[in-house]
Amino acid sequence: MKYNTMKQILLLTSIMIFFSSASILFAQENDFIKDYLERLENSRKYLILVAEAMPEDKYGFRATPESMTFAENLMHIGWAMDWHSQSLLGGRKARDWNTDTELKVSKKSKKEMIATINKTFDETIKLITQFDTTKFDDELDYLGLNRTKRQIFLLLADHITHHRGQMLVYIRLNGLVPPRYILYQ
C-alpha cells in the first residue's frame with residue numbers, strides 16, 4: 001500500500017514539474033512573439049518615415065547601374081516580407097515573381113507604394129500574432145540552407161534592415177537628411 005502511494009506521489013510530482021517547465025517555455029515563446037511584434041511595428045514606423053523622406057521624383061534613383069532603385073528596395077522589402085511570413089512561416093504558396101505585380105514597383109506612385117508596404121506589414125503582423133509557437137523548431141529549406149521557423153523570424157527582420165539601410169544611403173546620396181533611428185529601436 002505504501003509503495004503505491006509513494007509511486008503516485010512520484011508520478012504527481014513528475015507531472016507537476018513537467019507542466020511547470022512547459023509553461024515556462026510557453027511563456028518565453030509568447031514573450032518572443034510579443035517582443036518581435038513590438039520590434040516589427042517600430043521597423044514599420046521607421047521604414048515609412050524613410051520612404052516619406054525621399055521625394056517622389058527621386059524614387060528612381062540608384063547608387064550604381066546594377067543596384068535596385070530606391071523604389072525597388074522599398075517594394076523588395078514588401079516582397080520578401082510576404083515570402084518570409086506568408087510562405088515560409090504560414091505555408092502559403094509563394095507569389096510568382098514573373099507574374100505578380102502587387103509587390104512590385106510597376107506604375108505605383110510613392111503613396112501607393114507606402115500603402116502597399118503598410119498592408120504587407122499588417123498581413124505579416126496578423127500572421128505572427130496567430131503563429132503557433134510549437135512550430136518554432138520546424139525546419140525548412142531556405143534557399144538551399146536548412147533553417148528553423150524561429151530563424152525565419154530573425155531573417156525577416158534582418159532583411160528589412162538590410163534594404164532599409166540601402167535606402168538610407170540613397171537619401172544621403174541625394175543630399176537629404178534621413179529621419180533619426182534612435183526612437184525606433
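Scroll up to find the structure.
A brief report on the enclosed structure follows. From a predicted model like this one, the values you see are computed outputs, not experimental measurements.

1. Considerations on unusual backbone geometry
Backbone phi values are negative for most residues with the exception of glycine, while trans is the configuration of most peptide bonds. One non-glycine residue with positive phi stands out, namely Ser106, at about 45°. If you trace the backbone, Ser106 turns up in the loop between helix H2 (70-89) and helix H3 (110-129). With a relative accessible area of 47%, Ser106 lands in the partly exposed category.

2. A closer look at H2
With 20 residues, H2 should cover 28 Å at 1.5 Å per step; its first-to-last C-alpha distance of 27 Å lies within 8% of that length. In terms of burial, H2 is largely enclosed, as 17 of its 20 residues are buried.

3. A short note on the nonpolar core
One finds Tyr59, Phe70, Leu74, Ile128 and Phe153 to be the most contacted residues of the largest nonpolar core, which totals 39 residues. Those elements that place two or more of their residues in this core are helix H1 (2-53), H2, H3, strand E1 (139-142) and helix H4 (149-173). When residues of this core are assigned to their parent elements, the largest contribution, nine residues, is made by H1. In contact with Phe153, not counting residues within four places along its chain, are Phe32, Ile33, Tyr36, Leu89, Ile128, Phe131 and Phe136.

4. Describing the packing of aromatic side chains
Across all of its chains, the model carries twelve aromatic pairs by this definition. For the pair Tyr36 and Phe153, a centre-to-centre distance of 5.0 Å together with 80° between the ring planes defines the contact as edge-to-face. Separated by 117 residues along the polypeptide, Tyr36 in helix H1 and Phe153 in helix H4 bring together distant segments of the chain. For the pair Tyr36 and Phe153, a shared accessibility class is recorded, and that class is buried.

5. Quick notes on the environment of Tyr46
Turning to its location among the elements, Tyr46 is positioned in helix H1. Between the alpha carbons of Tyr46 and Arg164 there is a distance of 9.0 Å; along the sequence they are 118 residues apart. Excluding residues that lie within four positions of it along the chain, Tyr46 makes contacts with Arg164, Leu168, Pro179, Arg180, Tyr181 and Tyr184.

6. Observations concerning the packing of H2 against H4
At a closest axis distance of 9 Å, the pairing of H2 and H4 adopts a crossing angle of 175°. Judged on the interaxial angle alone, H4 and H2 are roughly antiparallel. Looking at side-chain class alone, the contact of H2 with H4 contains 15 nonpolar, six polar and two charged residues.

7. Details of the pattern of salt bridges
Applying the stated criterion to the full structure yields ten salt bridges. Between Arg92 and Asp82 there is a salt bridge, with its nearest N and O atoms 2.5 Å apart. Taken as a pair, Arg92 in the loop between H2 and H3 and Asp82 in helix H2 lie far apart in primary sequence, ten residues in all. Residue Asp82 is classed as buried on the basis of its relative accessible area of 2%.

8. Side note on the environment of Pro178
Residue placement: Pro178 occurs in the segment after H4. Sequence separation between Pro178 and Met54 is 124 residues, and the spatial gap between their C-alpha atoms is 8.4 Å. The residues contacting Pro178, other than those within four sequence positions of it, are Leu168, Ile171 and Arg172.

Cut-offs applied
Residues numbered from 1 in each chain as written. Predicted model: local features only at pLDDT ≥ 70, side-chain atom pairs only at ≥ 80, totals over all residues. Heavy atoms only, no water. Helix = DSSP H or I, 4+ residues; strand = E, 2+ residues; numbered from the N terminus. Buried < 20%, exposed > 50% of the residue type's maximum accessible area, 1.4 Å probe, protein only. Expected span 1.5 Å × (residues − 1). Core = buried A, V, L, I, M, F, W, Y, C linked by side-chain atoms within 4.5 Å. Contact = heavy atoms within 4.5 Å. Phe/Tyr/Trp six-rings, centres within 6.5 Å; stacked < 30°, edge-to-face > 60°. Axes fitted to C-alpha atoms, helices over the stretch in contact; angles between N-to-C directions. Parallel < 35°, antiparallel > 145°, perpendicular 65-115°, else oblique. Nonpolar A, V, L, I, M, F, W, Y, C, P; charged D, E, K, R; others polar. Salt bridge = Lys/Arg side-chain N within 4 Å of Asp/Glu carboxyl O.

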